[in-house]
Amino acid sequence: MTARKADKKPTWRLTRRKFLKGSAAAAALIAASSATRRVAWSEENTLSYLCWPGHGAPEVVEPFEQANNVKIIPKEYVGGEAMMALINQSDPGTYDVVLSDREYIVMMRDAGLIDEMDPNDYAFDDFWPEFQKMPGHWLNGKLYSVVLDFGYLGVVHNTDVISEKEASSYKVLWDPKLTGKVGQFDWYLPSMGNLSQYNGNKSPFDIDDAAFAKLRDTVFSLKPQVAGYHGIPDIFNALKNGDALAYQGIGDWITILLSAEGYPVTTTIPDEGGIQWTESLSLSTDGKKQDLAKKFIQYLTAPEGQVRVALKSSYWGSIPNKKGWTLMNDIKPNEATILRHRFDQRNVMDEYADGKITLRQLPEQQSIDDWSEVWNEYKNL
Amino acid sequence: MADKALTQPTAGTAARNVDGYALFWGLPLALWQLVFFVAPLVFLVVMTFWTVKNFRLTPDFDTVNWVNMFSKGYVIDTYFRTLWYGALGAVVCSVLAFPASYALAFKASPVVQRIGLFMLITPFFTSYLVRIYSWQAVVSDNGVLNNLLGVFGLGPFNILGTLLGTMVGYITLTLPLVILLQFFSLSGVDRNYIEAAQNLGCGRLRTVFLVIIPLAKTGIILAGTFAFILCFGDLVSPTSLGSSKPPTLSILIVDTVKQGNNWPRAAVVALMMVLTLIVVAFTAIFFAYRVKKEKT
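Residues numbered from 1 in each chain as written. Chains lettered and ligands numbered in written order. Predicted model: local features only at pLDDT ≥ 70, side-chain atom pairs only at ≥ 80, totals over all residues. Heavy atoms only, no water.

A. Examining the overall build of chain A more closely. Secondary structure summary: chain A contains 15 helices and twelve strands in total. Per-residue burial over chain A gives 55% buried out of 381 residues. Partitioning the intrachain contacts of chain A with sequence separation of at least 6 by distance along the chain shows that 73% fall at a separation of at least 24. Surface exposure of chain A reaches about 16,600 Å², of which carbon and sulfur atoms provide 53%. (Helix = DSSP H or I, 4+ residues; strand = E, 2+ residues; numbered from the N terminus. Buried < 20%, exposed > 50% of the residue type's maximum accessible area, 1.4 Å probe, protein only. Contact = heavy atoms within 4.5 Å. Areas by Shrake-Rupley, 256 points an atom, 1.4 Å probe, with all protein chains shown as cover.)

Here it is in structure tokens:
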């Protein structure tokens, strides 16, 4: 025993030669493992999916994976501009399916990043009429994207402090009882869009320079009310802790999950109007698995996929497929009520019909830079 | 044979062996620095002259990003604000840390010292982000602290979204490290000097300021410098406890990338930060070690 121990000892002594040998072996191992990973990722049974958080979660994609013996590889982003950055910096064909906000579809088409789609491949007849020929998805009569889910952005407020009646105008954001308590979603586009609606701009993103100067003044005048500029996790925390009692530029996708947990928060679309966000699916140019990608989009826009997308754990969203609504009412009636997807009650489509909702879009008469500059100055006031 | 050479070196071979040995062990660090610091830094400089067209980075040689960033009042304001925040964080942390490190170095028994050191290391077991989110629950308007103060009829005090909130985060980030560095420095102070000072009638407080602090100056300055570096570049505290109100340079970098994928302009800000940190670090090292040289 002792002799064996003594024999073993020298083998653990580190000499320079051993160190070099070990280093070479480690390097070879690292190289081999990364090569293995590359092989694994390039296998035929995967589909890459560029999407907002949660869209690639098992609760959404698992039935498709099992039915087609395929693994969905999600690459998540937050914000349309982050999506544009990712897709522009990747090799062509890196992503098979791209989920994007509606306003970036034209940009992607112009940059040759997405392919034209065949409308006959998708069940548009099952969609609410408002979503069958959606602006921004059809360009010059050609289809480039299919809408997956949507929601409205307006005033999010703590119902213990601000009633729905009070929140029926963006004016409430300047209420003295909200001084230092108005949170700001740190994305200029929806946050400034709602304030543009408050200024009376029916097309909040298509405004002339005079209206833009006025918008700047409106934005700056909100500064004394501001609790802070928040990303998504901080919005949840601030609404839970009561550090922020109201926001503009966000909506149900935040408040549904919070109210389900018992927090007194809701979304009200003010009389000046709300903004609609829309997430849509496109086929990536140079994607190597176009057929599988098409099947995946068909799955997500069919009733089962729609219900799964609507009720995913990262955030809930409204869905455009009427048969998806029917299925949700059958199997998840409570959730259908919370999402206002009931056919027998006032629902999200009625709000759409009221004409209060404007599609979110990129600035028309000014550049992205001009708008984000105002936002940066606002943060630094 | 090799073992024999190592255990019984002649003067000449020893010198040659030491050089080779040092080179062997020093080379990875040099390579690391070259690959992960110098090369990215050069790339960062090059990128500041690139342009962005439709979210796409385009190699270019255009000074537009420099002109653009330096012509904006808020960029300059943010720079000096971040400098101020970093300096304040470093000073506050150093001042708060000193009594603890002093007590640990001079007053604590060896057992208490070991327990103290262990407790100073344990915060690093938990993610900094998690600790900051925990602070949110403590210092928010309806949080633990305000509820506690409410019992005594005080508050609520608004801490989130203020400079105080950011400082709470900075202290969470740097205090344990600053105490450790100060402690190691204070532990190295020769006790004979302290005894001599006291024998010569120097009071306790005067001994601290005239004997102990000057002798431990190197460690104290380096600890403060570390605190500055960490605070200056921190994104989490000014975002989650300061609520980006107002922003710091790290937040400006994130915003610049987020809004239009403008990496070149973000690179200008990053370079401003790197250059500032290099100047601050070298200045601090100069002052920290100049004192030492004078003493020897």
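B. Quick look at the overall build of chain B. For chain B, the count of helices and strands is 14 helices and two strands. Out of the 296 residues in chain B, the part that is buried amounts to 40%. Summing over all exposed atoms, chain B offers an accessible surface of approximately 16,300 Å²; the carbon and sulfur share of this is 73%.

C. Structural context of the environment of Gly242 of chain A. Mapped onto the fold, Gly242 of chain A is located in the loop between helix H8 (232–241) and strand E9 (246–251). Distance in space between the C-alpha atoms of Gly242 of chain A and Lys181 of chain A is 8.3 Å, their sequence separation being 61 residues. Here Gly242 of chain A is in contact with Lys181 of chain A together with Asn142 of chain B, once residues within four sequence places are set aside.

D. Seen up close, the pairing of strand E10 (residues 265–268) of chain A. All names here are of chain A. By the alternation rule, side chains of E10 split into Val265 and Thr267 and Thr266 and Thr268, which are all buried. Looking at chain direction, strand E6 (residues 146–158) and E10 are connected through four bridges and run antiparallel. Pairing of His157 across the sheet is with Thr266, part of E10. (Pairing = 2+ DSSP bridges.)

E. Quick peek at the confidence of the model for chain A. Residue and element names in this part refer to chain A. Of all residues in chain A, 88% have pLDDT values of 70 or greater, and the mean over the chain is 87. Per-element confidence in chain A ranges from a low mean pLDDT of 40 for helix H1 (residues 2–8) to a high of 97 for helix H7 (residues 209–221). pLDDT under 50 marks residues 26–42. Its contacts with residues more than four places away, or in other chains, come to three contacts. (pLDDT = per-residue confidence, 0-100.)

F. Spatial organisation of helix H8 (residues 163–187) of chain B. Helix length check: H8 of chain B, at 25 residues, gives a terminal C-alpha distance of 34 Å against a target of 36 Å (1.5 Å per residue), a fit within 8%. Along its length, H8 of chain B reaches its greatest deviation from straightness, about 45 degrees, at Thr174 of chain B, and the proline Pro176 of chain B lies no more than four positions downstream. (Expected span 1.5 Å × (residues − 1). Bend = angle between axes of the 7 residues up to and from the residue.)

G. Examining the interface of chain A and chain B more closely. In this assembly, 37 residues from chain A lie in contact with 34 residues from chain B. Note on chain A versus chain B: buried area summed over both sides is about 2,900 Å², and carbon and sulfur give 45% of it. Our count for the contact surface shared by chain A and chain B stands at five salt bridges. Between Lys379 of chain A and Asp255 of chain B there is a salt bridge, and its shortest N-O distance comes to 2.5 Å. In this assembly, chain A and chain B are joined by 16 residue pairs in polar contact (both at pLDDT 80 or more). (Buried area = accessible area lost by both parts, 1.4 Å probe. Salt bridge = Lys/Arg side-chain N within 4 Å of Asp/Glu carboxyl O. Polar contact = N/O pair within 3.5 Å; in protein donor to acceptor, adjacent residues only side chain to side chain.)

H. Focus on the packing of aromatic side chains. All names here are of chain A. On inspection of all chains with the given rule, the structure shows 37 aromatic pairs over all chains. Among the aromatic side chains, those forming a connected cluster through ring pairs are Phe185, Trp187, Trp253, Trp277 and Tyr315. The ring of Trp138 has Lys133 lying over it, and the distance from NZ or CZ to the ring centre is 3.8 Å. (Phe/Tyr/Trp six-rings, centres within 6.5 Å; stacked < 30°, edge-to-face > 60°. Lys NZ or Arg CZ within 6 Å of the ring centre and 35° of its normal.)

I. Region of interest: the packing of helix H3 (residues 58–68) of chain A against helix H10 (residues 290–301) of chain A. Residues and elements named next belong to chain A. Running from N to C, H3 and H10 cross one another at 135 degrees; their axes reach a closest spacing of 10 Å. Between H3 and H10, the interaxial angle falls into the category oblique. H10 is crossed by H3, and the crossing has right-handed handedness. When H3 is examined against H10, the residues Val60, Val61, Pro63, Phe64 and Asn68 are found in contact with a partner set consisting of Leu292, Lys295, Phe296, Tyr299 and Leu300. Residue classes in the contact of H3 with H10 are distributed as eight nonpolar, one polar and one charged. (Axes fitted to C-alpha atoms, helices over the stretch in contact; angles between N-to-C directions. Parallel < 35°, antiparallel > 145°, perpendicular 65-115°, else oblique. Left-handed = near helix turned anticlockwise from the far one by under 90°. Nonpolar A, V, L, I, M, F, W, Y, C, P; charged D, E, K, R; others polar.)

J. Expanded view of the environment of Ala90 of chain B. Residue and element names in this part refer to chain B. Tracing the sequence through the fold places Ala90 in helix H4 (residues 73–107). On a C-alpha basis, the gap between Ala90 and Ile221 in space is 9.9 Å, while along the polypeptide they are 131 residues apart. Not counting chain neighbours up to four residues away, the residues in contact with Ala90 comprise Gly224, Ala227 and Phe228.

K. Structural detail: the nonpolar core. Among the nonpolar cores identified, the biggest contains 114 residues, and Leu47, Tyr49, Met83, Tyr188, Met192, Phe296 and Leu300 of chain A are the most heavily contacted of them. In terms of residue count, E6 of chain A provides more of this core than any other element does, eight residues in total. Other than its neighbours up to four places away in sequence, Phe296 of chain A contacts Leu47, Tyr49, Val61, Phe64, Ile72 and Val97 of chain A. Ile194, Ala216, Ile220 and Val268 of chain B belong to the second-largest nonpolar core, a separate cluster that totals 34 residues. (Core = buried A, V, L, I, M, F, W, Y, C linked by side-chain atoms within 4.5 Å.)

L. Region of interest: the environment of Gly228 of chain A. Tracing the backbone shows Gly228 of chain A in strand E8 (residues 226–230). Judged by relative accessible area, Gly228 of chain A falls into the buried class, the value being 0%. When the C-alpha atoms of Gly228 of chain A and Gly180 of chain A are compared, they prove to be 8.3 Å apart, with 48 residues separating the residues in sequence. Setting aside residues up to four positions removed in sequence, Gly228 of chain A forms contacts with Val182, Gly183 and Gln184 of chain A together with Ser243 and Lys245 of chain B.

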